[in-house]
Amino acid sequence: MTTTSSNAPHNILLGVSLIIATAFTISLQDVVFKLFSSQMTLWQIFALRGCIAVPVLMGLVWFSHRDARALRAAFGLWSLLRAVFITGTFLAFYAAIPFLSLSTVGAANYTAPIFIALLSAYVIKERIGTLGWLCVILGFAGVLLLLQPGTEAFSPWAMLPLFGACCYAAAHLITRAKCQHVPVAALSLAQNFMMLTAGLVISMALVIVQPTSPTAEAFPYLFGTWSAIETSDWLVLTLLAAFAIALGMMLAGAYKAAPPAVVGTFEYSYLVFVAGWDILFFGIALNGATLGGMAMIVVAGAMVLRSRVADAP
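A quick note: this is a predicted structure, and the numbers were derived from the prediction, not measured.

Draft legend 1. Layout of the overall build of the chain. Scanning the chain for helices and strands turns up 15 helices and zero strands. A total of 313 residues make up the chain; the buried ones form 50% of that total. Pairs at least 24 apart in sequence give 90% of the contacts found in the chain among residues at least 6 apart. For the chain, the accessible area works out to roughly 14,200 Å², and carbon and sulfur atoms hold 72% of it.

Rendered as structure tokens:
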């Protein structure tokens, strides 16, 4: 990918607003996963959620544009490649959770803005600037302080969320450079279709292989088979499908509207929302390190926004 993004729009306010809304919605989705998904495997959730979301998105794309080209755009090369990378992000993130603490997974996953900045500078030629680099580093340092990863961060399993962060960065660079003319609903359709496909393929593979190792038995969420679905489960799956539809559209819209390095910095707001849900739902109190990390993230985001607005034509 050697294109530049000089002709891409620069709507900083829209991009930042969308990514903060996306971070808030993702944090809600994670609460739902933690509270209600213990009866189903991750792959079952991916597949069944996709069965709800994909038809809805196909109808939304068709009725919004009344043009088969919009549907074809969802299954074009760049839309599907972007969807593969985002699916890889989620698979790597959730696959690492049984083997690492959440703080380690989170810290590794939130290296994505660093990769976005690197790829922005050297692949699509977005101007970052010295202040931008310093702010991204400051934001990343805030993540480390907030999450306080332990020595297990050096475990080989920590490579999974790092791989996911690379996939995440690549997905949003593709959004910025190659998907400017693809409707956001079409991009969300491609993303949910790919996650549905991944859920079905991995589920079938587990049925064929039937892993029986102690690790497989210890983590049925990743290695188990499908379970019976109750009415309440379908309600939760419908809610998760609604989240998936909204997230796919907001995420694509944010990275289409503003430079990836700017949008990526504000994704750190997810950690602020998660801290709030920890207090509200799980009784985890904030400490000095948490507050300090939040402050560094907010300062980094505000400084990036100010510098990019000043540089915008």
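That was the structure; now back to the text.
Draft legend 2. Representation of a nonpolar patch on the surface. On the surface, a nonpolar cluster with roughly 400 Å² of combined accessible area is contributed by Leu35, Phe36, Leu280 and Phe281. Elements represented by at least two residues in the nonpolar patch include exactly helix 1 (12-36) and helix 14 (269-282). Within the element layout of this structure, phenylalanine 281 appears in helix 14.

Draft legend 3. Representation of the side chain of lysine 256 within the structure. Topologically, lysine 256 is positioned in helix 12 (residues 231-257). Residue lysine 256 is classed as buried on the basis of its relative accessible area, which comes to 13%. Polar side-chain contacts of lysine 256 include one of 3.0 Å to the backbone oxygen of glutamine 180.

Draft legend 4. The arrangement of the side chain of glutamine 44 in detail. Take glutamine 44: it is sitting in helix 2 (residues 42-65). Within the structure, the side chain of glutamine 44 is placed 2.9 Å from the backbone oxygen of serine 227, a separation counted as a polar contact. Those residues in contact with glutamine 44, other than ones at most four positions away along the chain, are Ser203, Trp226, Ser227 and Ile229.

Draft legend 5. Fine view of the packing of helix 2 against helix 12. The N-to-C vectors of helix 2 and helix 12 enclose an angle of 55°; their axes lie 8 Å apart at closest approach. Our classification of the angle between helix 2 and helix 12 gives oblique. Considering the relative orientation of helix 2 and helix 12, their crossing is right-handed. In this structure, helix 2 uses Ile45, Leu48, Arg49, Ile52, Ala53, Val56, Leu57 and Leu60 to contact helix 12, whose residues at the interface are Trp234, Leu237, Thr238, Leu240, Ala241, Ala244, Ile245 and Met249. For the contact of helix 2 with helix 12, the class distribution of residues is 14 nonpolar, one polar and one charged.

Draft legend 6. Seen up close, the nonpolar core. Core analysis: the biggest nonpolar cluster contains 30 residues, and Phe33, Leu42, Trp43, Ile45, Phe46, Tyr94 and Leu240 have the highest contact counts within it. Of all the elements in the fold, those that place two or more residues in this core are helix 1, helix 2, helix 4 (77-96), helix 9 (184-209), helix 12 and helix 14. Top contributing element to this core by residue count: helix 12, with six residues. Among residues more than four places away in sequence, those in contact with phenylalanine 46 are Phe90, Leu91, Tyr94, Met195, Leu196 and Gly199.

Draft legend 7. Here's a closer look at the packing of helix 8 (residues 159-178) against helix 12. Running from N to C, helix 8 and helix 12 point in directions that differ by 65°, and their axes come no closer than 8 Å. With respect to the hand of their crossing, helix 8 and helix 12 are arranged in right-handed fashion. Taking contact as the criterion, the partners of Tyr168, His172, Thr175 and Arg176 in helix 8 are, on helix 12, Leu251, Ala252, Tyr255, Lys256 and Ala257. Residue composition of the contact of helix 8 with helix 12, grouped by class: five nonpolar, two polar and two charged.

Draft legend 8. Spatial organisation of helix 2. Here helix 2 contains 24 residues, and its C-alpha end-to-end distance of 33 Å stays within 8% of the 34 Å for a straight helix at 1.5 Å per residue. The sharpest bend along helix 2 comes to roughly 30°, located at glycine 50. Two residues or fewer past helix 2, arginine 66 is found with a positive phi of approximately 50°.

Draft legend 9. Layout of the packing of aromatic side chains. Taken as a whole and assessed by the stated rule, the structure comprises four aromatic pairs. On the numbers, 5.2 Å between centres and 85° between planes, the contact of phenylalanine 75 with phenylalanine 193 is edge-to-face. With phenylalanine 75 in the loop between helix 3 (68-74) and helix 4 and phenylalanine 193 in helix 9, this residue pair connects regions lying 118 residues apart in the sequence. We classify phenylalanine 75 as partly exposed; its relative accessible area is 34%.

Draft legend 10. Looking closely at the confidence of the model for the chain. Mean pLDDT over the chain works out to 79, with 82% of the residues at or above the 70 mark. The secondary-structure element of the chain with the lowest mean pLDDT is helix 5 (residues 102-109), recorded at 67, while helix 9 shows the highest, at 91. Counted against residues more than four places away or in other chains, residues 1-6, with its pLDDT under 50, gives 16 contacts.

Draft legend 11. Structural detail: the state of the cysteines. One pass over the structure, following the stated rule, counts zero disulfides. With no disulfide of its own, cysteine 166 has cysteine 167 as its nearest cysteine by sulfur position, at a separation of 7.0 Å.

Draft legend 12. Representation of the environment of alanine 254 within the structure. Note on placement: alanine 254 falls in helix 12. In this structure alanine 254 touches Gly15, Leu18, Ile19 and Val263, once residues within four positions along its chain are discounted.

Cut-offs used in this document
Residues numbered from 1 in each chain as written. Predicted model: local features only at pLDDT ≥ 70, side-chain atom pairs only at ≥ 80, totals over all residues. Heavy atoms only, no water. Helix = DSSP H or I, 4+ residues; strand = E, 2+ residues; numbered from the N terminus. Buried < 20%, exposed > 50% of the residue type's maximum accessible area, 1.4 Å probe, protein only. Contact = heavy atoms within 4.5 Å. Areas by Shrake-Rupley, 256 points an atom, 1.4 Å probe, with all protein chains shown as cover. Patch = residues over 30% accessible without salt bridge, like charges linked within 9 Å, V, L, I, M, F, W, Y side chains within 5 Å. Salt bridge = Lys/Arg side-chain N within 4 Å of Asp/Glu carboxyl O. Polar contact = N/O pair within 3.5 Å; in protein donor to acceptor, adjacent residues only side chain to side chain. Axes fitted to C-alpha atoms, helices over the stretch in contact; angles between N-to-C directions. Parallel < 35°, antiparallel > 145°, perpendicular 65-115°, else oblique. Left-handed = near helix turned anticlockwise from the far one by under 90°. Nonpolar A, V, L, I, M, F, W, Y, C, P; charged D, E, K, R; others polar. Core = buried A, V, L, I, M, F, W, Y, C linked by side-chain atoms within 4.5 Å. Expected span 1.5 Å × (residues − 1). Bend = angle between axes of the 7 residues up to and from the residue. Phe/Tyr/Trp six-rings, centres within 6.5 Å; stacked < 30°, edge-to-face > 60°. pLDDT = per-residue confidence, 0-100. Disulfide = S-S within 2.5 Å.

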